[in-house]
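Spelled out from the first residue to the last, the chains are:
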Amino acid sequence: MQALTSATIELCDIEKSFGSVQAVRGVSLRIAAGAITGIVGENGAGKSTLMSILYGLYRADSGDVRVDGRPVEMASPRDAIAHGIGMVHQHFMLIDSFTVLENMILGAEGGPLLAGGLAAARTELARLAREYGLSIDPDARVADLSVGEQQRVEILKVLFRGARILILDEPSAVLTPQETDRLFRILRTLKERGVTVVLITHKLREIMAVTDHVYVMRQGRVVAERRTADTDSEELAELMVGRKVRLDLDKALPRHGKVVLRAEQLSLVDERGVRLLDDVALELRAGEIVGIAGVTGNGQSELLQVLAGIRPPSGGRLTVGERVFDARHHGSPAEMRTLGLAHVPEDRLRQGMVAAFEASETSILGYQDEPPFTRHYLLDGSAVGAHCSDLMERFDVRPRSPGLRSSHFSGGNQQKLVLAREIARRPRVLLVGQPTRGVDIGAIEFIHHELVRARDAGCAVLVVSVELDEILSLADRILVMFAGRIVGEVEPGRADERTLGLMMAGAQAA
Amino acid sequence: MDEVFSFVFLMLASTLRVATPLVLCAMGGLFSEKGGIVDVGLEGKMLMAAFFAAATASVTGSAWAGVAAAVLAAEALALLHGLACITYRGNQVVSGVAINIVAAGLTIVLGAAWFARGGQTPPLVGDERLLPLFLPGAGDNVLVYAALLSVPVTWWIIARTRFGLRLRAVGEMPLAVDAAGLSVAWLRYRAVLLCGLLAGLAGAYLSIGQNAGFSRDMTAGQGFIALAAIIFGKWRPWPAFGACLVFGLLDAIAIRLQGVRLPGVGEVPVQLVQAMPYLLAMFLLAGFIGRAVAPRAAGVPYVKEH
Amino acid sequence: MRPAYGPLPAWAEITLLPLINIVLAFLVVGAIVAVIGVDPLHALRLLVVGALGSPESIGYTLYYATNFAFTGLAVAVAFHAGLFNIGGEGQAYIGGLGCGLAILALGRWLPAGLMIPVGIAAAALFGAAWAAVPGWLQAWRGSHVVITTIMFNFLASALMVYLMVNVLIAPGSMTPQSRGFEPSGQLPALPGSPLNLSIALAVGCCFAVWVFLWRTPWGYALRTMGHNPEAAVYAGTNLRRMTMLAMGLSGALAGFVGVNELMGVHHRIVLDFPAGYGFAGIAVALMGRNHPLGIALAALLFGALQQGGAELAFEIPSITREMVVVIQGLIILFSGALVHLPRPWLQFLLARRA
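The model shown is predicted, which means the values in this text are computed figures rather than measured ones. (Residues numbered from 1 in each chain as written. Chains lettered and ligands numbered in written order. Predicted model: local features only at pLDDT ≥ 70, side-chain atom pairs only at ≥ 80, totals over all residues. Heavy atoms only, no water.)

Some thoughts on the interface of chain C and chain B
Taken together, the 45 residues of chain C in the interface contact 43 residues of chain B. Here chain C meets chain B over a buried area of about 4000 Å², counting both sides, of which 81% is carbon and sulfur. Contact with chain B buries area across many residues of chain C, yet Arg141(C), Met151(C) and Phe154(C) alone supply 15% of it, more than any other trio. Between chain C and chain B we count one salt bridge in total. One salt bridge connects Glu322(C) with Arg216(B), and the closest N-O pair in it is separated by 3.1 Å. At the boundary of chain C and chain B, one finds one residue pair in polar contact (both at pLDDT 80 or more). Breaking the side of chain C that touches chain B down by element, the ones donating at least two residues are α1 (10-36), α5 (112-141), α6 (145-167), α11 (277-287) and α13 (323-337) of chain C. At 12 residues, α6(C) tops the list of elements feeding residues into the side of chain C that touches chain B. Taken together, the residues of the side of chain C that touches chain B sort by class into 33 nonpolar, nine polar and three charged. (Contact = heavy atoms within 4.5 Å. Buried area = accessible area lost by both parts, 1.4 Å probe. Salt bridge = Lys/Arg side-chain N within 4 Å of Asp/Glu carboxyl O. Polar contact = N/O pair within 3.5 Å; in protein donor to acceptor, adjacent residues only side chain to side chain. Helix = DSSP H or I, 4+ residues; strand = E, 2+ residues; numbered from the N terminus. Nonpolar A, V, L, I, M, F, W, Y, C, P; charged D, E, K, R; others polar.)

Structure below.
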């Protein structure tokens, strides 16, 4: 095996847009050879896009990638591999039905017949296992491996190709804490052997635990660069979340009513046996806004889906009004609606609306069976149109054209339309996921006011958001979720972004 | 004793005769489907190949020219399928259906225009046909042996070669293939072309081996039976081969059973025996007998985000 | 790396792109005609005259169009639900069996005023049942309707041959066909023409499908499922039940081909009457952009092609009526599988102009 020393990688003024969304805005950074560099930021900060550009999966709109100071073209992963760059993707690029060995050699088979390549790979695998402590059964089918083992296969695959620069995208997102610790030991060993490591994560604990150097990204930009030794979690949390001006809401004190929704020991286990929700208990009272803070992927989406009747829980009890549901007798979205539960889903394009439908059709999604929209088994087009015009008027949706395709509205106006649809039914419980994701500033303020108005009208509102300042300004009570559990409850007056950020990152429990 | 022996031999021979186009087609379909391209157009490719084989053999007097023309015709349709499904990311099923319908019509239109026999080609005689090699009367022409050979070769390519590994990968997870720096499109084109080659041979066998000329709709659903065999073989060459033999045997039995009353059962409807491949495939698809898992990315155009 | 296909301006998407696709299909047809040695324009003239030149030919055109409308609607209803029903052929066959059985059983006792609606209902019921099995297999067992509906075409064909040869064959008959229907089971037709009351049923179905899809909550839910299953779940739709409903309706519509053919023309159960209408329905639906109005127009065009093609084959012996099948196939190819073919060029041209 040739002892390649790894090169220094530089990214210079990288820009990348997807349609109208600017994902990466003029980013420059330097990845030092033989060290572990961390890139930290919230979801959507542009970290993964940036690394996909480095790996040749996406092409930058402008800017250079430089290896040892020379600009190089990264047109496809082939180029990246040729420069000794390997990537461990957040979603593994492994073929479930293949063995470990077959996955290892894909694209580097060493000849037209497999036999020789497989034998050579087996030897090489044994060597890598010895050298880096990455032991794995070469003949196991990937589908039968645990997630942690699959990740080891990914790392081995990259090393097998002779990569000296290893990019890991959110490697711990799918790992248990023990597996994460094991991964970190592996990363340190790799560094000792001269491998350059780039770690993309939103978890501060991990940055502090293994990196030498850290870049903080926010909204497509690098906002800070630190030596890990010179910084601490508090500073990074602040940099990561940003200090946006808090949107001050004219908000009266909540008048707590009776409990309208109660979850007890709610749990959700997926088909792979991963625990997505773990012993979640919460109460919603009429006339309050409860905010759920947390980094994406810690169970908030699943919580919303279970509460809305979209996914049946695996265990626990859910009480909505007078009705009690559990794993055996779970509700459906339609049933939940008749109980007065409305739901603004996190991903409005995928769940809350039909892009190809006219706005007026989107304005009755989920309520299409009810009068006045349906009378004598027929949809009343004029009633639907009038309803949509009314919603557009009340919620200032622009343009006010009920006949326009839903996908032709801006994100903010789509969100206002979905929100209008759900609030207009005067629900007893309103679940709102990411109320202002992809929404412009003006609409944010409007949406916040409407949520508070719904609360003041006696509705129990549950808001899930990754935007901390949104939770801070809206919520009367804040629950923090981490790894499928509610790890703490905070009153907004007593919480600041720093403590919340630490709790969200799993660094501290209240 | 001799009678039993000759009965077994006759059944075996007629099973093989019927199974040959199924085997060739099924192996072709396997390449395509393993690579993630669903091919419901096997029927059309085979039909078109059968027509061009007979037409060319009749005009040139050479069976080998017929085989070459069959392969070319099937490859042309295979390329069309590839263009629609790989390059233009069209719906693979729609493309396959279109190819079947075009072939059904075009073979008759061209046949009627060129030979003026209502869509048939002139009867082929002598060297215009592929003749039995060793066993006169058994119909063991070269394509029967090609079909028998195609199974181990297909197995070997898919299981033991670099191309096979990449092919399986691109049918399961094209993104992983892309991330490994390989071309998804080029792999899939090769799969589709291999499919065309084998479907072409199957068509040639029908019109210039098994029969002496082309007649309209002579494939009569065999492309779909081959598809059923692939499903029944759970996308593996040897079991798919087994399914083809079973289907061939069913057909041989169906011919024998015509008008025969079985004790206790009465007359078995021929149609029931003929429908068996489809019924069996259906039960398998429904998960009542085992589970057939198609290549995961089959039928899905690969769209890379940019 | 090829750029993803972005949308064209709305007007180009609805008019220009489909038009170019059809023109491409007909250009290929013209080339084939030329290869055969016939002047394409001359053939076109003969075809148009053959389809529309006399009251009789118009009657045939409309009669064929009736079948195309049924199968086109069948494909479209399933398509709006995100399902690809290739089983129209078999559903038409079994639908015909249904109305035939009903009339053979009841024709003696029921007056036409009752027999005709019962026959139509039986066609719908049998067609729906034949489509419901693949629907059920997809909804509950996860096997894709594309493959199962294809297989069901063959099963329908085998079943019909068995029934016609062994069970339903008229006593003393040499050909496998049932005894004739009583007059009460025959649809009124124009004298000397196959055009019968079924065309009214087809027009009614076009309207009813439009009402169902765009003016009822079930149609709304069905379209939601087709566009965005996740949103349909969010909206409280039971996807399994909706799959069954969509396949059932689709099968019932295809089954009406049996009404036109058996109650309208043959007046007995015969073999092979679906004659490719089920597959052609895919072309009709694609060309009609899955909208009942578009399907009605496409059905008329296909009816004219069918009739004109027959006349053309009569006039020019070197062209057979299977030319029409080639045209259908090419339209499926260009308006379906290769629908994106002209897109990059159009984008380029329109972008330059703008």
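Anyway, onward from the coordinates.
Some thoughts on a nonpolar patch on the surface
Residue and element names in this part refer to chain B. Taken together, the side chains of Phe5, Phe9, Leu10, Leu133, Phe134, Leu135, Tyr145 and Leu148 define a hydrophobic patch exposed on the protein surface, amounting to about 780 Å² of accessible area. For the nonpolar patch, the secondary-structure elements that each account for two or more residues are α1 (2-34) and α5 (142-160). For the nonpolar patch, the leading source of residues is α1, giving three residues. With respect to the secondary-structure elements, Leu133 resides in the loop between α4 (92-115) and α5. Residue class for Leu133 comes out partly exposed when judged on its relative accessible area of 45%. (Patch = residues over 30% accessible without salt bridge, like charges linked within 9 Å, V, L, I, M, F, W, Y side chains within 5 Å. Areas by Shrake-Rupley, 256 points an atom, 1.4 Å probe, with all protein chains shown as cover. Buried < 20%, exposed > 50% of the residue type's maximum accessible area, 1.4 Å probe, protein only.)

As for the domain arrangement of chain A
The domains assigned to chain A are domain 1 (9-241), domain 2 (247-340 + 427-510) and domain 3 (352-426). Using only C-alpha atoms to locate each centre, domain 1 of chain A and domain 3 of chain A end up separated by 44 Å. (Domains from an automatic or database assignment.)

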